[in-house]
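Below are the chains, spelled out letter by letter.
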Amino acid sequence: MIEILIIKVEDPGRFWGRIINGFSDLAENANQYQRLEEKMNQLYHRSLEELEEFKLPVLEQGQICAIYCHELQCWCRAILESLVSSGSSYLAECFLVDYAKHILVKAKDVRRAFDTFWKLPYRAKKFTLFGIQPVTLHIDVCEEKAKIGPAIKWDSAAVQYFQKMSLESEIVEATLQGVAGDTFAVQLYLTLNDEKVCLNDDLVAKLFACYISPKKQNSSLVSSVPCLKNVAPAKTVGHASLALWSEIVQGTAFTILNQGSAGQEPIAQCLQSQESRFCENAKSRSSIEPLRTFSLCPLEKEYDYKKTRFCLYDEIRKDRNSSTVMQTRDDLPASIRLLQFLNPDPLNSKSELEFNLQQQSQRMAFDPWNGVMVHSVIKLNPCRSMEMAPISLDLKKELCKNKFVGPNIVQAYCWPAIGRGCDLVAVSQKGDDPLLYIPPLLTFLQLPSVYSFQPRRNLPLAIIVCPGQQKAHFVCQMLMDLRLTQPLYLSLVLVGQDPEETKKIKLIKGCDVVITTPHSLVRVLQKHCLFFIRLSHLVLDGVDVLFDEAMDEMTTILKCFREATNVPERRSTPQQLIAVGKHWTKHMDSLVKENQSDPYVVITAMEEAAIYGNVHQVVQLCLDCEKTTLLLTMLDFTSEILQKTVIFTNCAEDVDHVFKALDSNSNFCMKAHEGMSLQVSDVMNKWSKKFSLGTHIILVMTDDCLQALGITDATCVIHYGFPSSRKIFGARLYCMVDNFDNLIVEGSTLQSQSIILMTDKNVMQTASILQYLERTEAKIPTELYTFISDLNKEDDICYDKSLCKYLKAHGICRDNKTCTSRHKLHPNIDKPQCLSSEKKLPSTGYIEIIPTCVRDASSYYGRIIHHKNKWENPPVSMEEDYLRLLKDMADYYKEGNNRKPVEQLEVSALYVVEEEIYSRVQLIALPQKAESAILRNAGVKYIDSGQTGQVMQKQLLELPVKFQVLPSQAVEFIICSVKPIDNEMDWNPRVSRFIKQKISNKSHEAKIVLTLGNTLWLNPVVHLTKLADLKTTILEYNIRSEIINSGFGTNNAEHVERLKVLCRTAGLSLPDEESPQKELPCGKDLKHAVLENDGNYHSVIISEFYSPKHFYVQLVATREELCAFEDEINQTAMEKETFISGSYVPAVGDICLALRGTEKRWCRVKILSVVDSSRNYQVFFVDFGSCSWISLNKIQPLVNDTFKLPFQAICCSLFGVEPVEENWNPEIKELVWNTFHDKELQAKVIEQNKNDPTDVGCYHVDLQDPSNACFVKLSECIISKGQGRGTHAALNQLFPVEAVKNSQSSSISSLCSSICALLGDQNSSSLRTTLVEELKNIVLQYPADSASESGYLRYLCRLLRFLTAPNEQADVIVAMTHLAKMQVRDLGEIKKERGIYVLVNLLQDITNAELQESVCVALGILGENSDLCSAIIDADALKHLCHLLKMPVENNVWEAIVGALAALLSSSRVCEEVEEQQIVNYLCIKIQQTLKDKVLENILRILCHLSGRPQSLILMLASGLALTINRLLSSTSSTSVLYKVANNLKFSLASSQNVHCLQNGAASCEGNTGIKDAPGEKTSQSTMDHKSFHPEVKWHQKEDRLILNVKLQNFTEYSCEFDNCRVIFSASVGAKSYLADLELQGSILEDKCSCVIKNEELVITLFKEEKGVWSNLLKFKNPNVTFDFNYFEELTDNISLPICNDIRRKGHQIIIEPIIDEWNSLSSANDSSEDDY
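The rules behind the values
Residues numbered from 1 in each chain as written. Predicted model: local features only at pLDDT ≥ 70, side-chain atom pairs only at ≥ 80, totals over all residues. Heavy atoms only, no water. Helix = DSSP H or I, 4+ residues; strand = E, 2+ residues; numbered from the N terminus. Buried < 20%, exposed > 50% of the residue type's maximum accessible area, 1.4 Å probe, protein only. Contact = heavy atoms within 4.5 Å. Areas by Shrake-Rupley, 256 points an atom, 1.4 Å probe, with all protein chains shown as cover. Phe/Tyr/Trp six-rings, centres within 6.5 Å; stacked < 30°, edge-to-face > 60°. Lys NZ or Arg CZ within 6 Å of the ring centre and 35° of its normal. Salt bridge = Lys/Arg side-chain N within 4 Å of Asp/Glu carboxyl O. Patch = residues over 30% accessible without salt bridge, like charges linked within 9 Å, V, L, I, M, F, W, Y side chains within 5 Å. Lys, Arg positive; Asp, Glu negative; His and termini not counted. Charge placed at Lys NZ, Arg CZ, Asp CG, Glu CD. Pairing = 2+ DSSP bridges. Axes fitted to C-alpha atoms, helices over the stretch in contact; angles between N-to-C directions. Expected span 1.5 Å × (residues − 1). Parallel < 35°, antiparallel > 145°, perpendicular 65-115°, else oblique. Left-handed = near helix turned anticlockwise from the far one by under 90°. Nonpolar A, V, L, I, M, F, W, Y, C, P; charged D, E, K, R; others polar. Core = buried A, V, L, I, M, F, W, Y, C linked by side-chain atoms within 4.5 Å. pLDDT = per-residue confidence, 0-100.

## Let's talk about the overall build of the protein chain
Each helix and strand in the protein chain was counted, giving 58 helices and 64 strands. Within the span of the protein chain, comprising 1733 residues, buried residues form 52% of the whole. Taking all contacts inside the protein chain whose residues are at least 6 apart in sequence as the whole, residues at least 24 apart take part in 67%. For the protein chain, the accessible area works out to roughly 83,300 Å², and carbon and sulfur atoms hold 49% of it.

In structure tokens form, the structure reads like this:
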């Protein structure tokens, strides 16, 4: 026992005193302190000039100094605590360590302290009373109760009592119980009037304090310190007496204490002899650690990334090595070091670890065993105490008031990073604690100068994004609870789906921080685009959950954050992204790489660090007896890289066993376990050596050796022994930390591997890490999943637990792995409960309810008033028994003798409470015994209303048994099919308050959907208001609609269906719903339309097409009946009235009515499935075969006579075609639907089976299109488009090899079949082309005498229908044409096989010149046959040939077209069709450009046929054809065919001209006799008097159009015709006719062209098909058409004149040649007359 002198009392938890008597090492020597004071006064009592040399250059917090105290009139030792600004100077607040005083002195008067003056310990020691803590009276005003409980600070009365007792005491003695830092925990004894009183017990007796366990007090000695102002710097000591010395001399004092001094017993022995109990406690807790001073977050740049990215407290080990104590410790043998590291429980529990970390007198356990991985470009020292924390002083005080001891491991590393403004990603088991980022972030926000450059707007500087509404409320409340000197303005932003609410959102004035959720923030950003304009700090709280549940929203938020901060104006402001969470996910990789600048990554869980480091996890299953063999097969001894493998076992025996098995295979195999303490150094030295590439080092060890060896550079870890916990698993993975991938370093591709050997003996432990392995994307054997699922099925379910509230409210519980409630139903427990002996909860029908207790927006407690099975039935009262009970209880308790208070309370017992009425209650919590009898409150539940509350014990009365018979009347009601938005599990408090205010104690009408136990699921629930004056009832509101309309609720379509699935699984019977489904015939009795299999074709139409193997048709014969039936259904459905819209909820498999597509007609459907998110139903239209997603409001129950007409959709499969690859091309649906939709087709049944998902007959049919001129069969159309290929049976039917006797013909048939089989296969296109060429060569070499007997011309026609490649088509056409020349007798095969239509259809779409020529040649040759000629004309070939003739094509193609036309023109009908195509002018021009006799002959033949048409004849004469014919006759031999044809045409022209002259008079024909002259004669008179003139045309252009000005005046009538590449203009001026036939250089849009009169002049506007500049207007030169240079200035710089095209581009001179009239006759025929102007 020691005697002390109390010199200062702040409270019983902190007071100062001097040890004046007691232990020789602890008691003070007054003479020594007196001499110290004299020497200090002697030294510092000098002039001011002399004291200048003792001044401190820099003043820092915690600095040791000397100051002069005017009160004591002496110089004193002191510690500088803070600097305070005072006017123009600063004051220093100092603590006098010998007097326990705080004084203020001028900063300039602080003097440097010499080490000589600090050798003596501090004279004033700090004490605290051991084993007690303060108490206070806690009063709950809401619940009207009060109780005494532990308090944070001491009551002022307790402090005054302590001070009074210390002043009045004669002797003060104490027993030392413990020491923590510089504080002594003592048992204090005061002597008053010769009586010794233990002040610790006295304070407890007077209710100023209560006892506390020593262990708890040791962990919270500093927690009673609410303010850091009066706290001397804490020091970690290894011995009790070290707290008496200053920090400077502790190292020396510790050495003296260990070694002992001469003539003096060591302190440890003295303590052991005099205070054995204290010594035992101190010995068990003491830890020898040196002290060092840490700077506040020093910033150091590191350039060796490999060494500094992972800062696992290496600086702590370096500091220990630099101290004397650790030097002594390092000198110990390795065996002793191993024994020091070994621990009976090496992996401490989480609570023990936190206990060790939160000691103020100890720095945190920065060891590899509890390792932290830090990856960063910069290096920051962690803050190990509150003094070092980079947070403001007022925030430190506030945290201390809230019992915050100090930063834990992850906070110690995160706070400096956030304080420095670094981007942070932190992953820890405490990653959901907001204190991980709030303190340094608030400190940052309290620096207004940092944000001085921000825009002056009422927008946040920091946004905290939380994963849910509950977490957002929690963070907001935590920030509001912090009472800071500088006010913090924050706003909680939680908006729903109502856009108007989002627009009207307003933040608090001067808002600094916004707390929100990702969905709410995205909605705000959509309406407020400048919301991020001031944002500097974006905090992602629970980042792993945010990315898992709101990935799209997080992508949007991060994108907006990047766009808002990556602007030049924001470079001078902070731009910080903070992300904290409990797990590492793959999405966080992109967060680090793409969204953060020099991020600071902190991970405290090594198993999560392994995911970050891209450690490859491998799971191997085997028997336990085969584990060693499997291990040997997995090890790779042939690799060319250095491998270091660590194999972990669970015991030393396994180590020896594995080592023996591996020793023969590796020269570098080592082992280590707890029994090898002497060989640890040798193992470590071998492991640390440098090895060459290709070496494989293997170490077999147990978990106990991890900390001693400190391995971090392994490349592979093999878990031979299964880890018993995730923490041990993470500690093993720590061995590979040097090889973890580093996301901070670009190009880091380190790879490490973890292999888990799982056997039959430890498979039961797999569930502990299975969820972790799933997150690593490891390949987990399916056998393992099967085993665990079977294991879960065998587990007994605790049916005594209540059913999960989330399962009831939403149909699903997302946290079912951690939720403690029940998630399965039981037939006995969950059957509907009884309300009385005669009545039970109804399962169907309609009820009237009164909600009495609203728990949240969709869950209430209340009573059932009435029930009726059907809406039209009279209601049946359900509360008669309850009303009778209330009356009986009121009568019973009227008598005073019956009002007996309860003497002994029992939990779960029933009592009665007297309020406005007598209410039955069930006791759920006993009152606290420490409370007074008057204020003792008990927790009760009102069993008839569902409410819970607190009532005073005196209000509880005994309830007779007769009143306990009636069961509880409170029923739980849940609104169906509604859930919170944004995947929330709990309702927003705002919508819950709104619903509570709206529905409490009001009568509501509802329909029952499901009943389980005491819970009813209702939908809808409405409030009806009766209007007596109008004698009607109106629906005031629907609760479900009100929830959804609030913006915080959404549809939950799968709610009821999931509950029904649980019921079916548990064997609970579900009541039949009120629906026509009860009357439905089931299964096979439902009638479907039938497609007769009689070998005939039946008329059908395709109603829905999915693929050639799955489509639906309708019979044409029953379509009218179906339309009439639908009209009847729609009329009945519109007239039908239901109870409430949306009250009908169909089930999967039901037949009902639904609105179909845009037609808005009710059709019969079958329910296939339902989707939870939007309550949409997948339905199958049984009359059409289509599937669609329909919302519930578009579904109705069936009406009467719904099944009188069989279902009309007939399922079919197309015969003769199969997919090219495994699945059908999706484009085939569009192809077939666009081609055959609403077409009447012919279907013949080939076979029938039942492979349709709807379990109805599926017909394999041959489908034909009789209206298609080319493809009769649908299968052939699909094959020809390359979307399918023919089956073997279909190809054999098309190309039967056995039908041909000739071997060469057989080969041709086989080639055709092979070519057709390769259609659609992109990889065999070259092979198919080769086969087609081979086929052509065979046909061309076929002998002419056998051609007529071959009979395989039909094969070529069939093959041509399927080919799509132009070169292949051309080859087949050549072969077919060759056969047609030789085979005259069987040309009818071409017509029979529809070959003519194939050729004509090719003319419509093809652009390949070779194919065009082949088709035209073929048509010309086939047209020589009269039968085929008629077929070609009927196929509309002339139209396509004429159209192609007018297009710009190659000469050989044009010649082939002319030849085909010449062969086909044979009748007046043909000539009329050709005349309509207006090709005369084209032919007349071509005569002048063609020199080939055969081509001229064909052109003249065509013109001869057309000369009989008046309109064609006029065009011929107008184009000057007569002169051309005369010239041609003069240069052609009279014996040639060309001459004869030309002469015939000349005669036709002359005859027609004579007729024209007779009709118009001889005068008009004067001089027009030249055409009748001999061919060789020259006419001297102009023939232009009676012909049309060519007007002068000026043209210019713009980018998109051409403008032609026709220089004519005084014209009476005009016409203008437009074609794709031609313009024909005609007009009359007096008696003269003008004609301009212009063939354009390019294409125009004829629909947009126009011809108008402007300023008495004709203006033709032509719109170009493609925008650009034309180099010339006409394809051929025309002297009457010239460029208008008046518009030259309108041309831009990049547009050249037409006559000088390409001059600028090419850069060289262009010679413009004059136009030469080759015929010397066009000038007179085309010149304009000057008289017209």
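## Quick notes on the packing of aromatic side chains
The geometry of two aromatic rings is summed up by the distance between their centres and the angle between their planes. Following the criterion strictly, the structure yields 23 aromatic pairs and no others. Cluster of aromatic residues (ring-pair linked, three or more members): Y44, Y68, W75, F114 and F117. Seen from the ring of W118, R77 lies directly overhead, with NZ or CZ sitting 5.2 Å from the centre.

## With respect to the environment of I1102
Inspection of the secondary structure puts I1102 in strand β45 (residues 1098-1107). For I1102 and V1232, which are 130 residues apart along the polypeptide, the C-alpha to C-alpha distance reads 9.4 Å. Excluding anything up to four places from it in sequence, I1102 contacts Y1112, V1113, V1232, W1233, F1236, H1237, L1241, L1263 and L1274.

## Quick word on the pattern of salt bridges
Taken as a whole, this structure holds 45 salt bridges when the rule is applied. In this structure, R123 engages E28 in a salt bridge whose closest nitrogen and oxygen atoms are separated by 3.2 Å. A residue pair is termed long-range when its members are at least 10 positions apart, and R123 in the loop between β7 (111-112) and β8 (125-129) and E28 in the loop between β2 (14-21) and α1 (30-44) qualify at 95 residues. Owing to a relative accessible area of 13%, R123 belongs among the buried residues under this scheme. Residues joined by salt bridges that share partners form a network here, namely K8, E10, D11 and R14.

## Structural notes on a negative patch on the surface
Together, E1646, D1647, E1665 and E1666 give the surface a local cluster of negative charge. Mapped onto the secondary structure, D1647 falls in the loop between β61 (1632-1639) and β62 (1650-1654). Exposure remark for D1647: the relative accessible area of 76% places this residue in the exposed category.

## A few points about the sheet that holds β61
Spatially, β59-β60-β61 is the arrangement adopted by the three strands of the open sheet, whose pairing is antiparallel. On the outer flanks of this sheet lie β59 (1613-1618) and β61, each paired with one strand and no other. Taken pair by pair, the neighbouring strands of this sheet meet at an average axis angle of 5 degrees, ignoring direction. The pairing of strand β60 (residues 1622-1629) with β61 spans eight bridges and is classified as antiparallel. Counted as the bridge partner of V1629 is K1632 from β61.

## A short note on helix α41 (residues 1325-1340)
In an α-helix there are 3.6 residues to a turn, and that puts residues three or four apart on one side. Between its terminal C-alpha atoms α41 stretches 23 Å, which fits the 22 Å expected from 16 residues at 1.5 Å a residue. The complete set of buried residues in α41 reads R1328, T1329, L1331, V1332, L1335, I1338 and V1339.

## Observations concerning helix α50 (residues 1451-1464)
The end-to-end C-alpha distance of α50, which contains 14 residues, comes to 20 Å, matching closely the 20 Å that a straight helix rising 1.5 Å per residue would cover. Along α50, the residues classified as buried are V1453, W1454, A1456, I1457, V1458, A1460, L1461, A1462 and L1464.

## A word on the packing of helix α47 (residues 1409-1422) against α50
Put simply, α47 and α50 touch, their axes get as near as 8 Å, and they point 20 degrees apart. With respect to α50, the axis of α47 lies roughly parallel. Remark: the crossing between α47 and α50 carries left-handed chirality. On the side of α47, the interface is formed by A1409, Q1412, E1413, C1416, V1417, L1419 and G1420, while α50 contributes N1452, V1453, A1456, I1457, A1460, A1463 and L1464. Of the residues contributing to the contact of α47 with α50, the split by class is 10 nonpolar, three polar and one charged.

## Concerning the pairing of strand β34 (residues 910-914)
As paired strands, β34 and strand β35 (residues 918-925) are joined by five bridges and run antiparallel to one another. When the bridges of β35 are listed, Y911 appears paired with V921. With three bridges joining them, β34 and strand β38 (residues 956-958) adopt antiparallel strand pairing. The partner of Y911 across the bridge, within β38, is E958.

## Brief notes about the pairing of β2
Taken across its eight residues, β2 has six buried, putting it largely inside the fold. Judged from the seven bridges that link them, strand β1 (residues 2-11) and β2 form a sheet pairing that is antiparallel. Residue V9 lies in a different strand from β2, and its bridge partner there is F15. Counting the residues between successive antiparallel strands, the hairpin from β1 to β2 contains two residues.

## Some remarks on the sheet that holds β35
Spatially, β37-β36-β35-β34-β38 is the arrangement adopted by the five strands of the open sheet, whose pairing is antiparallel. Every other strand in the sheet has two partners, leaving β37 (948-952) and β38 as the edge strands with one partner each. Put simply, the sheet's adjacent strands are angled 55 degrees from each other on average, direction ignored. Contacting β34 and β35, helix α32 (residues 880-892) crosses the sheet at an angle of about 90 degrees to β35.

## Let's talk about a nonpolar patch on the surface
Side chains of L137, I139, I148 and L207 sit close together on the surface and give an oily, nonpolar patch of about 420 Å² of accessible area. Along the polypeptide, I148 turns up in strand β10 (residues 145-150). Note on I148: relative accessible area 46%, which makes it partly exposed.

## Re unusual backbone geometry
Cis rather than trans, the peptide bond between N1019 and P1020 has omega equal to 0 degrees. Within the fold, P1020 resides in strand β42 (residues 1015-1027). With a phi angle near 60 degrees, D194 is a residue other than glycine that sits in the positive phi range. Tracing the chain through its elements places D194 in the loop between β12 (183-192) and β13 (195-198).

## Here we look at the nonpolar core
Grouped together as the largest cluster of nonpolar side chains are 122 residues, with contacts concentrated most on L1091, L1500 and L1503. Here this core gets nine residues from one element, more than from any other, and that element is α50. Not counting residues up to four positions away in its chain, the partners in contact with L1503 are V1480, L1483, I1487, M1516, L1521 and L1545.

## Some thoughts on the environment of F547
With respect to the helices and strands, the residue F547 is situated in helix α20 (residues 543-549). Overall, F547 belongs to the buried group, its relative accessible area being 3%. It is 9.1 Å that separates the C-alpha atoms of F547 and P467, two residues lying 80 residues apart in sequence. In contact with F547, not counting residues within four places along its chain, are M554, L558, H587, M588 and L591.

## Digging into the packing of helix α52 (residues 1480-1489) against helix α53 (residues 1493-1506)
Angle between the axes and distance between the axes are the two parameters that describe a pair of packed helices. Two elements in contact, α52 and α53, have axes separated by 10 Å at closest approach and are oriented at 145 degrees. Where α52 crosses over α53, the two elements pack in a sense that is left-handed. From α52, V1480, L1483, K1486 and I1487 reach across to α53, where they touch L1496, I1499, L1500, I1502, L1503 and L1506. In terms of residue class, the contact of α52 with α53 is built from nine nonpolar, no polar and one charged.

## Regarding the side chain of E1126
Along the chain, E1126 falls in helix α36 (residues 1119-1135). Sequence-distant contacts of E1126, that is, excluding residues within four places in its chain, are made with R1161, C1163 and F1184.

## A word on the confidence of the model for the protein chain
Averaged over the protein chain, the pLDDT score is 76; the fraction of residues at 70 or greater is 79%. For the protein chain, per-element mean pLDDT is lowest for helix α9 (residues 305-308), which scores 30, and highest for strand β19 (residues 462-465), which scores 94. Under a pLDDT of 50 for its full length, residues 222-369 has, in the predicted model, 263 contacts with residues more than four places off or in other chains. Every residue in residues 1298-1303 scores below 50 in pLDDT, and together they form six contacts with partners more than four places removed in sequence or on other chains.

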